[in-house]
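What follows is the residue order along each chain.
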Amino acid sequence: MNQLPFFITIPLPDWLTERLAVPMHLHDDEARMRFVIELSRENIVCGTGGPFAAAVFRAADGMLVAAGVNSVLRLENAVLHAEVMALMFAQARLGSHTLRTGGGIHELVTSCEPCAMCLGATLWSGVARLVCGATREDAERAGFDEGPVFAASYAYLEQRSIAVVRGVLRAEAAAVLDHYRESGGVAYNG
Ligand SMILES: [Zn+2]
């Protein structure tokens, strides 16, 4: 066992850092989802993690605020799901613990419906809208467990004024999950 660490660092993969160097505006759900699905595919191709990606956009003008890819295996950290990464980097960029500030309303776009942890993080993050691609069933088919997420969980978010849109470019998003499974990718819950 190593010594007790006093801080941790959470770098994005190099290829994603390069992708994000150019400012980007994407103006509708499909364009944003297409970008996120591309990142989820790239994360497998580059060998930097599982088949999941997410990004935070400013609602008003579609500015890409931050993006994340699943980094559980790369950084040996069970909480580093794509959504958590995207939310943490967005809040770091805005210098705020809530995305209801910093110059507008923000949305989280994720390549797959969030697991229990990420749905919780979405609730606390201050995003006003959640847009999902692949479904829980698609993730489970690839061997991933989404944990205790229920219809009531989504209803709870909507009661807290977080709009939820599911199934955007589902087939394309699910194809990345299927590819991961077929190529022998590791499912790493638990
Ligand atoms: Zn998650």
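Scroll up for the structure.
Residues numbered from 1 in each chain as written. Predicted model: local features only at pLDDT ≥ 70, side-chain atom pairs only at ≥ 80, totals over all residues. Heavy atoms only, no water.

1. Considering the overall build of the chain
The helix and strand tally for the chain stands at 7 helices and 5 strands. Listing the helices and strands of the chain from first to last along the sequence gives α-α-β-β-α-β-α-β-α-α-β-α. Taken over the C-alpha trace, the chain has a radius of gyration of 16 Å; the compact-globule value for 190 residues is 16 Å, and the two agree within 12%. Its C-alpha atoms give the chain principal-axis dimensions of roughly 40 × 40 × 30 Å. When the 190 residues of the chain are sorted by exposure, 50% land in the buried category. Partitioning the contacts of the chain with sequence separation of at least 6, the portion at a separation of at least 24 is 68%. When the accessible surface of the chain is split by element, carbon and sulfur atoms take 57% of a total near 9300 Å². (Helix = DSSP H or I, 4+ residues; strand = E, 2+ residues; numbered from the N terminus. Rg over C-alpha atoms; globule rule 2.2 N^0.38 Å. Buried < 20%, exposed > 50% of the residue type's maximum accessible area, 1.4 Å probe, protein only. Contact = heavy atoms within 4.5 Å. Areas by Shrake-Rupley, 256 points an atom, 1.4 Å probe, with all protein chains shown as cover.)

2. Quick look at the side chain of Thr122
By the element assignment, Thr122 lies in helix H4 (residues 116-125). Not counting residues within four places of it along the chain, the set of residues in contact with Thr122 comprises Leu87, Leu108, Val127, Leu130, Leu157 and Ile162.

3. Details of a nonpolar patch on the surface
Nonpolar side chains collect at one region of the surface, where Leu4, Phe6 and Phe7 lie side by side and expose about 480 Å² of accessible area between them. Structurally, the position occupied by Leu4 is in the segment before helix H1 (14-19). Of the residues examined, Leu4 reaches a relative accessible area of 66% and is grouped as exposed. (Patch = residues over 30% accessible without salt bridge, like charges linked within 9 Å, V, L, I, M, F, W, Y side chains within 5 Å. Salt bridge = Lys/Arg side-chain N within 4 Å of Asp/Glu carboxyl O.)

4. With respect to helix H2 (residues 29-45)
With 17 residues, H2 should reach 24 Å at 1.5 Å per residue; the first-to-last C-alpha distance of 24 Å fits that figure. Burial in H2 covers these residues: Asp29, Arg32, Met33, Phe35, Val36, Ile37, Leu39, Ser40, Asn43 and Ile44. Sitting at the head of H2, Asp28 places a side-chain oxygen 3.1 Å from the backbone nitrogen of Glu30. Immediately downstream of H2, the backbone of Gly47 shows phi near 70°, a positive value. (Expected span 1.5 Å × (residues − 1). Polar contact = N/O pair within 3.5 Å; in protein donor to acceptor, adjacent residues only side chain to side chain.)

5. With respect to unusual backbone geometry
Positioned with a positive phi, Ser161 is a non-glycine residue whose angle comes to about 65°. Within the secondary structure, Ser161 sits in the loop between helix H6 (151-159) and strand E5 (163-165). Phi is positive for Leu169, close to 50°, though the residue is something other than glycine.

6. Points about the coordination of the zinc ion
For the zinc ion, the full set of protein donor atoms is His81 (ND1), Cys115 (SG) and Cys118 (SG), at a range of 2.0 to 2.3 Å. We note that the donor set of the zinc ion lies within a single chain, spaced as H-x33-C-x2-C. A relative accessible area of 0% means that Cys118 is categorised as buried. (Donors = N, O, S within 2.8 Å, 3.2 Å for Na, K, Ca; no water.)

7. Remarks on the packing of aromatic side chains
A full pass over the atoms with the stated rule returns 2 aromatic pairs. When the ring of Phe52 is compared with that of Phe144, the centres are 4.9 Å apart and the planes differ by 80°; the resulting orientation is edge-to-face. Residue Phe52 is located in the loop between H2 and strand E1 (53-58), and its partner Phe144 is located in the loop between helix H5 (136-141) and H6; the two are separated by 92 residues in the primary sequence. Take Phe52 and Phe144: they sit in the same class, and that class is buried. Through a chain of ring-to-ring contacts, three or more aromatic side chains come together here, namely Phe52, Phe144 and Tyr180. Directly above the aromatic system of Tyr156 lies the positively charged group of Arg160, at a separation of 4.0 Å from the ring centroid. (Phe/Tyr/Trp six-rings, centres within 6.5 Å; stacked < 30°, edge-to-face > 60°. Lys NZ or Arg CZ within 6 Å of the ring centre and 35° of its normal.)

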